[in-house]
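If you want the building blocks of each chain, they are given just below.
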Amino acid sequence: MHSIYARVNGVSALWSTCVMVLLAAVALSSFLFNADPKGNLDIVSLKVFHSKARRYPFRNEEIGFVKFNLSADFTPLFNWNTKQLFVYLEAEYTNAQGVNNTVVIWDRIVRRKGNAVVNVVQKDKYRLRDLSGSFSNVLPAQYSLKYNVMPYVGMLSYGEAARTLEPIDFPDARDSVS
């Protein structure tokens, strides 16, 4: 005859095995839903200004401000395993030293399918700054709208919804904001 502890152990082992199999099925089923959202991205303006560095008041640097319009529909990405989306706009450029840089200039967390249609007409949320402190002799920047699907169970997946058609040059730095 089995004791009560052996019976509880058997039931809990069966229960935990069933839960693990169910979670594995949920994670594998998210690979069946392949959505490819598309959007539009338009860079309205890019301005670069001279500024003082925050931490080093005697050091000058250049700061870039980007105004953009974007619209995208991320509703196809939402299914029963989608917890939230992380949507972000990034600028990719190569600086004067030949180092490739990827800078996030705007982001948003989308938690519900009802908020998955994104229409933004604004300037950047984060400013463009280069470690060298200057945007002179920098190659033109390519802008892209990307997303990250965060599921309840399973692996994160990444994708791209929009990209500028051609790279955009950095203008010469101005002294004042106008």
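Computed from a prediction, not measured in an experiment: that's the story for all the values here. Counting from 1, residues in each chain are numbered in the order their sequence is written. This being a predicted model, a pLDDT of at least 70 is required before a residue's local features are given, and a value of 80 or more before pairs of side-chain atoms are given or counted; all residues contribute to the totals for chains, interfaces and linings. Here the side-chain values reflect all heavy atoms present in the structure, with hydrogen atoms and water set aside.

Novice: So what's going on with the overall build of the protein? Which residues, and what values?
Specialist: Numbering of helices and strands starts at the N terminus; helices are DSSP runs of H or I of at least 4 residues and strands are runs of E of at least 2. The helix and strand tally for the protein stands at one helix and eight strands. In sequence order, the protein lays out its α and β elements as α-β-β-β-β-β-β-β-β. Each radius of gyration is computed over the set of C-alpha atoms, and the globule rule expresses the reference value as 2.2 Å times the number of residues to the power 0.38. For a compact globule of 178 residues, the expected C-alpha radius of gyration is about 16 Å, and the protein comes in at 24 Å, more than 25% above that figure. Judged by the C-alpha coordinates and their principal axes, the protein covers about 85 × 35 × 25 Å. Note on areas: Shrake-Rupley with a 1.4 Å probe; residue coverage comes only from the protein chains shown. For the protein, the accessible surface area stands at approximately 11,500 Å², while carbon and sulfur atoms represent 57% of it.

Novice: Give me the lowdown on the environment of leucine 32, citing residues and values where you can.
Specialist: With respect to the element layout, leucine 32 can be found in the loop between α1 (4-29) and β1 (39-52). Given a relative accessible area of 70%, leucine 32 falls into the exposed group. The spatial distance from the C-alpha of leucine 32 to the C-alpha of alanine 161 is 19 Å, given a sequence separation of 129 residues. Per-residue accessibility, obtained with a 1.4 Å probe over protein chains only, is compared with the maximum for each type, and a residue is labelled buried under 20%, exposed over 50%, and partly exposed between these values.

Novice: Before we move on, can you summarise the pairing of strand β4 (residues 100-110) with the specific residues and values?
Specialist: Think of it this way: DSSP has to see at least two bridges between two strands before they count as a pair. Across 10 bridges, the pairing between strand β3 (residues 82-94) and β4 is antiparallel. Counted as the bridge partner of phenylalanine 86 is isoleucine 109 from β4. Between β3 and β4, which follow one another and run antiparallel, lie five residues, and glycine 98 among them has a positive phi close to 90°.

Novice: Let's hear about the sheet that holds β4: which residues, and what values?
Specialist: In spatial order, the strands read β4-β3-β7-β8; together these four strands make up an open sheet with antiparallel pairing. The two strands at the open ends of the sheet, each matched to only one other strand, are β4 and β8 (157-163). When strand polarity is set aside, the average angle formed by the axes of neighbouring strands in this sheet is 25°. Bridge count between strand β7 (residues 142-151) and β8: six bridges; the pairing is antiparallel. Looking at the pairing, valine 149 lines up with serine 157 of β8. Axis definition: a line fit to C-alpha positions, over the contact stretch in the case of helices; interaxial angles, taken between N-to-C directions, run 0 to 180 degrees.

Novice: Let's hear about the confidence of the model for the protein: which residues, and what values?
Specialist: Here pLDDT means the predictor's own confidence in every residue, given as a number from 0 to 100. Put simply, the protein has an average pLDDT of 87, and 98% of its residues get 70 or more. The least confident element of the protein is strand β6 (residues 128-129), whose mean pLDDT is 83; the most confident is β7, at 94.

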